[in-house]
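Chains, contacts and geometry: an overview
Residues per chain, in single letters:
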Amino acid sequence: MSDSTETTTQQDISHSATRAPAWVWQGPGEPEALEQSEVDIGAPGDDEVLVATRAIGLNPVDWKFMAMDSELWQAGQIPGVDASGEVIACGANVRHVSPGDRIAVHTTLAGPGTFSKRLRVPARAVMRLPVTLGFNDAAAFPCPALTAWLAIDKLPVKTGRRLLINGASGSVGRWLIQLARQRNFHVIGVASEKRHADLKALGADETLADAEQLDAPVFAMIDTVNGDHAHKMTRHLGANGHIVCIQDRLEQAAAPAFDRAISQHEVALGALHWAGDDEDWARLVEAGEGLLEAIADGSMNQPAPCIEPFTALPACLAELKSGERRALKFVITANE
């Protein structure tokens, strides 16, 4: 069946429509241990959609979860959380998308995941694409952009207050700068000096090579490094300040009780899959579709991803893990 004619209804789904090549996980290990196999992901349930994959976005959570021995995964699991593609079929309860729609999705770690040329994903997590936005850019979008949106949404909007972003030159950090500028924070980006011009172009008011260069406390801080780093950085928060952790969390209070009264926040997209209701998802999807429109019309910037073929997925994931990245983001094409 050709790409231009592969939409169908749930009732007409054939066995061949749900079978496709995929990269599968057999147990805790490195990205190179992924095995390519022909899989059958099954027909969509009442609240799911079946998607023909066009591109796959790689993220740190992919290799991190592959190394774990989680009860969520059994041998044969398909990893991956981000992708774009075309809807083939919709479950009985799905109303907001239809066969033929172009979409992006951040799906659940419980899977089946996105390292496959067919996807079966929760319909409420699906975002429709602007007509002018390509699949590769769409696949690079969900995890970093939606994580940044959830992080900035934790903070009360205080026009002109100082917001420090640690790790500002990464994929999430670049989105955070732009979202913070939309909310009229005074944005301070912390990254290596060679990235400062890029961060200023995105809207950072100040750039620092190290948070120790701060000349006064800040109202809020978003840390993309780890929990230990975030805890050390909280000494730069003023009274009633806020710390948002993305890569980790603070296991201990950042300050003694009734001292600076710091509010601590953590961010996890997966939390919506485990505990979010339809209203939570509708709000996130609405925000995501708005940001996708902003990429398409040029009002917000997303770095061009490094595009590689489906066969290169394990090698690209290993390169992402090593930190020796050719680009901020790898996207794997799935329609070759």
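For the structure itself, consult the block above.
Residues numbered from 1 in each chain as written. Predicted model: local features only at pLDDT ≥ 70, side-chain atom pairs only at ≥ 80, totals over all residues. Heavy atoms only, no water.

Digging into the overall build of the protein
The line we're drawing: Secondary structure follows DSSP: runs of H or I at least 4 residues long count as helices, runs of E at least 2 residues long count as strands, and numbering of each begins at the N terminus. Between the two quantities, the radius of gyration covers C-alpha atoms and the globule rule is 2.2 Å times the number of residues to the power 0.38. Remark: exposure states derive from per-residue accessible area (1.4 Å probe, protein chains only) relative to the maximum for the residue type, with buried under 20%, exposed over 50%, and partly exposed in between. By definition, residues are in contact when any of their heavy atoms lie within 4.5 Å. Under the convention used here, a 1.4 Å probe and the Shrake-Rupley method define accessible areas, while residue burial counts only the protein chains that appear. Counted as positive: Lys and Arg. Counted as negative: Asp and Glu, with His and the chain ends omitted from the count. Where a charge sits is defined by one atom per residue type, namely NZ (Lys), CZ (Arg), CG (Asp) or CD (Glu).
Counting secondary structure elements, the protein contains nine helices and 15 strands. The C-alpha atoms of the protein give a radius of gyration of 20 Å, which matches the 20 Å a tight globule of 336 residues would have. Dimensions of the protein along its principal axes, counting C-alpha atoms only, are 65 × 40 × 40 Å. Going through the 336 residues of the protein one by one, you find that 54% of them count as buried. Intrachain contacts of the protein at a sequence separation of at least 6 include 67% that bridge at least 24 residues. When the accessible surface of the protein is totalled, it reaches about 14500 Å², and 47% of it is carbon and sulfur. The centroid of the 29 positive side-chain charges in the protein is displaced by 5 Å from the centroid of its 44 negative side-chain charges.

Overview of the packing of helix α3 (residues 142-153) against helix α8 (residues 278-297)
When two helices pack together, their arrangement is given by the angle between the helix axes and by the axis-to-axis distance. The condition that has to hold: Working convention: axes come from line fits to C-alpha atoms, limited for helices to the stretch in contact. Angles between N-to-C directions cover 0 to 180 degrees. Here is the rule for handedness: rotate from the far helix to the near one, and if that takes an anticlockwise turn smaller than a right angle the crossing is left-handed, while a clockwise turn gives right-handed. Under the convention adopted here, Pro, Cys and the residues Ala, Val, Leu, Ile, Met, Phe, Trp and Tyr are nonpolar, Asp, Glu, Lys and Arg are charged, and Gly plus all remaining residues are polar.
Look at α3 against α8: their axes get within 10 Å of each other, and the N-to-C directions meet at 120 degrees. Considering how the two elements wind past one another, α3 and α8 form a crossing that is right-handed. Together, Ala145, Leu146, Trp149, Leu150 and Asp153 of α3 and Arg283, Leu284, Ala287, Gly288 and Leu291 of α8 make up the contact between the two elements. The residue makeup of the contact of α3 with α8, split by class, is seven nonpolar, one polar and two charged.

Here we look at unusual backbone geometry
Residue Gly111 is joined to Pro112 through a cis peptide bond whose omega torsion reads 0 degrees. Relative to the helices and strands, Pro112 resides in the loop between β5 (102-106) and β6 (118-122). Phi at Asn240 is positive, roughly 60 degrees, even though this residue is not glycine. Within the secondary structure layout, Asn240 lies in strand β12 (residues 237-245). The phi dihedral of Ala261 falls on the positive side, at around 55 degrees, and the residue is not glycine. Of note, Ala261 is situated in the loop between β12 and β13 (263-266). We classify Ala261 as partly exposed; its relative accessible area is 42%.

Regarding the packing of aromatic side chains
To keep it simple, the criterion reads: Each Phe, Tyr or Trp ring (for Trp, its six-membered ring) is paired with any other whose centre lies within 6.5 Å, and the angle between the two planes then decides the class: stacked below 30 degrees, edge-to-face above 60, tilted in between. Here, a charge over a ring means that NZ of Lys or CZ of Arg falls within 6 Å of the ring centre while also lying within 35 degrees of the ring normal.
For the structure shown, the criterion picks out four aromatic pairs. Measuring from ring centre to ring centre gives 6.2 Å for Trp23 and Phe310, while their planes differ by 40 degrees; the resulting arrangement is tilted. You can see Trp23 sitting in strand β1 (residues 19-24) and its partner Phe310 sitting in the loop between β14 (306-308) and α9 (313-322), a full 287 residues away along the chain. According to the relative accessible area criterion, Phe310 is buried, its value standing at 2%. Three or more aromatic residues joined by ring pairs form one cluster here, namely Trp25, Phe65 and Trp73. Above the face of the Phe135 ring, Arg102 is positioned so that its terminal group lies 4.7 Å from the ring centre.

A short note on the side chain of Thr18
Worth spelling out the cut-off: Any pair of nitrogen or oxygen atoms within 3.5 Å is treated as a polar contact; in protein, a donor-acceptor pairing is required on top of that, and neighbouring residues in sequence qualify only through side-chain atoms on both sides.
Structurally, the position occupied by Thr18 is in the segment before β1. Among the polar contacts made by the side chain of Thr18, one reaches the side chain of Asp40 at a distance of 2.7 Å.

Re the packing of α3 against helix α4 (residues 171-182)
We apply this condition: Each angle receives one of four descriptions, namely roughly parallel if under 35 degrees, roughly antiparallel if over 145, roughly perpendicular if within 65 to 115, and oblique otherwise.
One way to put it is that α3 packs onto α4 with a least axis distance of 8 Å and a crossing angle of 50 degrees. It follows from the interaxial angle that α3 and α4 lie oblique. Between α3 and α4 lies a crossing of right-handed hand. Between α3 and α4, the residues in contact are Pro144, Ala145, Thr147, Ala148, Trp149, Ala151 and Ile152 and Ser171, Val172, Trp175, Leu176, Leu179 and Ala180, respectively. Its residues assigned to classes, the contact of α3 with α4 comprises eleven nonpolar, two polar and no charged.

Quick word on α8
This is how the line gets drawn: Expected helix span is computed as 1.5 Å times (number of residues minus one).
Relative to the 28 Å expected for 20 residues at 1.5 Å per residue, α8 spans 28 Å between its end C-alpha atoms, a close match to the ideal helical length. Along α8, the residues that are buried comprise Trp281, Leu284, Val285, Ala287, Gly288, Glu289, Leu291, Leu292, Ala294 and Ile295. In this structure, the buried side of α8 is in contact with β5, β7 (126-128), α3, α4 and α7 (270-275). Its side-chain oxygen at 3.1 Å from the backbone nitrogen of Glu279, Asp277 defines the N-terminal cap of α8. One or two steps after α8, the chain reaches Gly298, where phi turns positive at roughly 85 degrees.

These results come straight from atomic positions and should not be treated as a statement about function.
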